Amino acid sequence: MSKAQNNEAVTHRLLKKNRSSAKRNERTGKIIVFTSAAIIIAATIAITLFLGYKGLKTFFVFDIDIWNFLTSTTWDGTSESGAFSFIFGSFAVTFLAALFAAPIGIGSAIFMTEIAKKWGQKVLQPVIEILVGIPSVVYGLIGVTVIVPLIRNHIGGLGFSLLAGMIVVGVMILPTITSISADAIKAIPIDIKDAAYGLGATRWQTIYKVIIPAALPSLMTAIVFGMARAFGEALAIQMVIGNVKGLPDSITDQAATLTSIITLDMPHTTYGSVHNSLLWSLGLILLVMSYVFIIIIRVVSSRRKI
Amino acid sequence: MDKYSYEVENMNLWYGEHQALYEINMKIPKNKVTAIIGPSGCGKSTFLKGLNRMVEMVPGVKVAGKIKYNGEDILNPNYHPEELRTKVGMVFQHPNPFPKSIYENVAFGAKIQGIRNKSKLEGLVEKSLKRAAIWDEVKDRLNTSATGLSGGQQQRICIARAIANEPDVILMDEPTSALDPISTLRVEELIQQLKEHYTIIIVTHNMQQASRVSDKTAFFLNGELVEFDDTDRIFSNPGDKRTEDYISGRFG
Ligand SMILES: Nc1ncnc2c1ncn2[C@@H]1O[C@H](COP(=O)(O)OP(=O)(O)O)[C@@H](O)[C@H]1O
Ligand SMILES: [Mg+2]
């Protein structure tokens, strides 16, 4: 065999090897990607089934009346217990936090996208990223040491309250609402802003009459995302809300949420007891609510006009 | 009354360091259609956006010279651009209706000027849509979204929206470049009808269009106004060699 022929044979072999290894790589890649997707789906289904099984035991094994469970405000770990105070607490914190965070979040989003783009990108954007990265427990600590005494001294009550929860959780969901809103406003085509300016609209008129209405479905999505996060928040809220079982009379009253009661009570229950099962049912409510939030987000964002 | 809607004197314009317009002098007659032609990037849109001060939205823009609109210099710092833009309407290259109903689109300008009277608004919307020759097509669905219409219909809604401000000048930047031939023809017919009421300044890269719709034609090249004359003359007997080269398709 001549040298040239030999070379050619080697090249051929190399190419063939390359091609078959490319094929193998592709197959490996596919397997990895499909497996990952399958794991995520399986995990979601498993969590749902597991929580459903554990949470429904309360009603089917311990024979607790589901209506009583949802409406009663007594919570003593017996079969007479009901979760209404916590359901109320969770919803109250969620809505109040959204009420507090939505205007500020959307306002900041407008500021950083329409008013002061440079400043917004240089200062506000990093601030928001830092806010996202701060762990929940730090928000709780600041709440306990700053917000709670502030409320106690200036508004009244013990300080541990719905109001403290609303502020702490509101600040926590602020970056979520701001960044989703900012993305939504950035996605509004420049064309329709030009149209407004071309008709003699001022910057504020353009923001109020064109940009906000056009971005509205996405802004609603941003708020619901924030609310979903608020609903599931546990640690920080537990540190500032007081965890008193029963309905609060006012916004400065102590309260409790589904999450705070689960984290608080779980270590004190025995596995297989009614009390333990009741806590699983609270968890099931949280899961159902996160499904509800997802459905709301889906419905709202499908209304997008642009 | 003046014969001219605009008298532009020694207009120079820079985007930052880059000069886009050089020493433009141009008197644009009232109630006529003036076409602006020239190769891409020669400054047609820039000039047009200078006439309603939309060009100021670009950061770092500097304009020098005088732009007199109905005898008043609009570059005067005391002149409100918003007020100017209610009298000088603009139609853009891509139809850009708001994602609102047809009615809300047309009533937009009046509403931001504080007109709330419902029957007044309804009358204005009807009149404007009629003038933009689209009333018959949309009168039964004024409350449906304008973004659902065809491109040509959207562009006529945008024209109606500009008309509803009761302007005296309408600026159009390649208003048919995104439209099909039939829609283009309809918009061209509309322009002919509109010049009775408005001064129209239209940028176009389509020379047939310029010769079909306009009374006067301005030829821009590299940020300079090369020639400005009656359209007939520009297309039959241009005064400048560069104009002749351009209209005979020798470049651009
Ligand atoms: N927003 C802008 N920023 C910087 N330069 C611009 C901008 N818009 C246009 N230019 C420049 O100004 C010149 C004229 O552009 P334009 O007026 O859009 O031309 P035409 O409409 O004739 O195609 C071009 O060189 C272009 O690159
Ligand atoms: Mg252009």
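Residues numbered from 1 in each chain as written. Chains lettered and ligands numbered in written order. Predicted model: local features only at pLDDT ≥ 70, side-chain atom pairs only at ≥ 80, totals over all residues. Heavy atoms only, no water.

## Side note on the overall build of chain A
When helices and strands are counted, chain A shows 11 helices and zero strands. Its helices and strands taken in sequence order, chain A reads α-α-α-α-α-α-α-α-α-α-α from the N to the C terminus. Taking 306 residues into account, the globule formula puts the C-alpha radius of gyration at 19 Å, and chain A, at 27 Å, lies well above it. Each of the three principal axes of chain A carries a C-alpha extent, and together these read 95 × 65 × 35 Å. For chain A, buried positions account for 44% of its 306 residues. (Helix = DSSP H or I, 4+ residues; strand = E, 2+ residues; numbered from the N terminus. Rg over C-alpha atoms; globule rule 2.2 N^0.38 Å. Buried < 20%, exposed > 50% of the residue type's maximum accessible area, 1.4 Å probe, protein only.)

## As for the UniProt feature "domain: ABC transporter" (unreviewed entry) in chain B
The sites that carry the UniProt feature "domain: ABC transporter" (unreviewed entry) are, in the present numbering, residues 6-247 of chain B. Along residues 6-247 of chain B, the helical share is 38% and the strand share 27%, with 25 Å between the first and last C-alpha atoms. (UniProt positions renumbered as here; feature names shortened; annotations may be inferred.)

## Quick notes on the layout of surface pockets
Over the atoms a probe the size of a water molecule is rolled, and this reveals where empty space is left. One number sums up the size of the largest pocket: a volume of about 780 Å³. Every residue lining the largest pocket is counted, 27 residues in all, and those nearest its centre are Ile190, Asp194 and Tyr197 of chain A together with Met57 and Val58 of chain B. Mapped onto the lining of the largest pocket, the elements with two or more residues apiece are helix H3 (84-115) and helix H7 (190-198) of chain A together with helix H1 (44-51) and helix H2 (81-87) of chain B. Element by element, the count of residues in the lining of the largest pocket is highest for H7 of chain A, at five residues. Per-class residue counts for the lining of the largest pocket are 11 nonpolar, five polar and 11 charged. Here the second largest pocket defines a volume of roughly 190 Å³. The wall of the second largest pocket is formed by 13 residues, among which Phe69, Leu70, Leu284, Ile285 and Val288 of chain A lie closest to the centre. Contributions of two or more residues to the lining of the second largest pocket are made by helix H1 (3-60), helix H2 (66-71), H3 and helix H11 (274-301) of chain A. With five residues, H11 of chain A is the largest single contributor of residues to the lining of the second largest pocket. Counting only domains with at least three residues in the lining of the second largest pocket, you end up with domain 1 (3-61) and domain 2 (70-301) of chain A. (1 Å grid on protein atoms, 1.4 Å probe; cavity = no way out; pocket = protein on both sides within 12 Å on 5 of 7 lines; lining within 4 Å. Points joined across faces, edges and corners; volume = space filled by probe spheres on them. Nonpolar A, V, L, I, M, F, W, Y, C, P; charged D, E, K, R; others polar. Domains from an automatic or database assignment.)

## With respect to the nonpolar core
Formed by 62 residues in total, the largest nonpolar core has its most connected members in Phe69, Phe86, Leu258 and Leu282 of chain A together with Phe98 and Phe108 of chain B. Among residues more than four places away in sequence, those in contact with Phe98 of chain B are Ile192, Ala195, Ala196, Leu199 and Val210 of chain A together with Asn105, Phe108, Ala146, Thr147 and Arg161 of chain B. Formed by 42 residues, the second largest nonpolar core is a distinct cluster that contains Ala35, Leu124, Ala132 and Leu179 of chain B. (Core = buried A, V, L, I, M, F, W, Y, C linked by side-chain atoms within 4.5 Å. Contact = heavy atoms within 4.5 Å.)

## Let's talk about the pairing of strand E7 (residues 169-173) of chain B
Residue and element names in this part refer to chain B. Of all five residues that make up E7, five are buried, and the element is covered over most of its length. Residues of E7 alternate between two faces, with Val169, Leu171 and Asp173 on one and Ile170 and Met172 on the opposite face, all of them buried. For strand E6 (residues 88-91) and E7, the ladder comprises four bridges, and the chain directions are parallel. The partner of Gly89 across the bridge, within E7, is Ile170. Crossover connection from E7 via helix H7 (residues 181-194) to parallel strand E8 (residues 199-203): handedness right-handed. (Pairing = 2+ DSSP bridges. Right-handed = clockwise from strand over helix to strand, strands pointing away.)

## With respect to the side chain of Ser301 of chain A
Residues and elements named next belong to chain A. Positionally, Ser301 belongs in helix H11. For Ser301, a relative accessible area of 16% corresponds to the buried category. At 2.5 Å, the side chain of Ser301 and the backbone oxygen of Ile297 are in polar contact. (Polar contact = N/O pair within 3.5 Å; in protein donor to acceptor, adjacent residues only side chain to side chain.)

## Focus on the packing of H3 of chain A against helix H6 (residues 162-186) of chain A
Angle between the axes and distance between the axes: these two values describe a pair of packed helices. Residues and elements named next belong to chain A. Running from N to C, H3 and H6 point in directions that differ by 40°, and their axes come no closer than 5 Å. What the angle tells us is that H3 and H6 run oblique. In this structure, H3 meets H6 at a crossing whose hand is right-handed. Looking at the contact of H3 with H6, its residues break down into 23 nonpolar, eight polar and two charged. (Axes fitted to C-alpha atoms, helices over the stretch in contact; angles between N-to-C directions. Parallel < 35°, antiparallel > 145°, perpendicular 65-115°, else oblique. Left-handed = near helix turned anticlockwise from the far one by under 90°.)

## Let's talk about the domain arrangement of chain A
Residues and elements named next belong to chain A. Domain assignment breaks chain A into domain 1 (3-61) and domain 2 (70-301). At the junction of the two partners, domain 1 supplies 12 residues and domain 2 supplies nine residues. A buried area of about 850 Å², summed over both sides, lies between domain 1 and domain 2, and 69% of it is on carbon and sulfur atoms. Our count for the contact surface shared by domain 1 and domain 2 stands at zero salt bridges. Residue composition of the side of domain 1 that touches domain 2, by class: five nonpolar, five polar and two charged. (Buried area = accessible area lost by both parts, 1.4 Å probe. Salt bridge = Lys/Arg side-chain N within 4 Å of Asp/Glu carboxyl O.)

## Comments concerning the site of ligand 1
Residue and element names in this part refer to chain B. Around ligand 1 sit Tyr15, His18, Ala20, Pro39, Ser40, Gly41, Cys42, Gly43, Lys44, Ser45, Thr46 and Val58, and those are all the residues in its vicinity. Interatomic distance of 3.5 Å between a side-chain N/O atom of Tyr15 and a nitrogen atom of ligand 1. At 3.3 Å from an oxygen atom of ligand 1 is found a main-chain nitrogen or oxygen belonging to Cys42. Out of a free accessible area of 560 Å², ligand 1 has 63% covered by protein chains. Mapped onto the shell around ligand 1, the elements with two or more residues apiece are strand E2 (18-29) and H1. (Near = heavy atom within 4 Å. Areas by Shrake-Rupley, 256 points an atom, 1.4 Å probe, with all protein chains shown as cover.)

## Brief notes about unusual backbone geometry
Note on backbone geometry: most residues besides glycine have negative phi, and most peptide bonds are trans. Residues and elements named next belong to chain B. Residue Asn31 is not a glycine yet carries a positive backbone phi of 50°. With respect to the helices and strands, the residue Asn31 is situated in the loop between E2 and strand E3 (33-37). Judged by relative accessible area, which is 34%, Asn31 ranks as partly exposed.

## A word on the environment of Cys158 of chain B
All names here are of chain B. Mapped onto the fold, Cys158 is located in helix H6 (residues 151-163). With 67 residues separating them in the primary sequence, Cys158 and Val91 have C-alpha atoms 6.5 Å apart. Not counting residues within four places of it along the chain, the set of residues in contact with Cys158 comprises Val91, Pro95, Asn96 and Pro97.

## A look at the UniProt feature "transmembrane region" (unreviewed entry) in chain A
Residue and element names in this part refer to chain A. UniProt records the feature "transmembrane region" (unreviewed entry) for residues 31-53, 83-106, 127-151, 157-177, 210-231 and 278-300 in the present numbering. Split by type, residues 83-106 is 96% helix and 0% strand. Its first and last C-alpha atoms lie 33 Å apart. Secondary structure content for residues 127-151 is 92% helix and 0% strand, and the end C-alpha separation is 26 Å.

## A look at the side chain of Asn52 of chain B
Looking at the secondary structure, you find Asn52 of chain B in the loop between H1 and strand E4 (61-69). Among all residues touching Asn52 of chain B, those that are not within four sequence positions of it are Tyr6, Leu84, Arg85, Val88, Met90 and Leu171 of chain B.

## A word on the interface of chain B and chain A
Opposite the 20 residues of chain B that make contact, chain A presents 18 residues. Roughly 1,600 Å² is buried in total at the junction of chain B and chain A, and carbon and sulfur atoms are behind 68% of that figure. Our count for the chain B to chain A interface comes out at zero salt bridges. Linking chain B to chain A there are four residue pairs in polar contact (both at pLDDT 80 or more).

## Overview of a positive patch on the surface
There is a patch of like positive charges on the surface, built from Arg19, Lys23, Arg24 and Arg27 of chain A. Position of Arg19 of chain A relative to the elements: it lies in helix H1. (Patch = residues over 30% accessible without salt bridge, like charges linked within 9 Å, V, L, I, M, F, W, Y side chains within 5 Å. Lys, Arg positive; Asp, Glu negative; His and termini not counted. Charge placed at Lys NZ, Arg CZ, Asp CG, Glu CD.)

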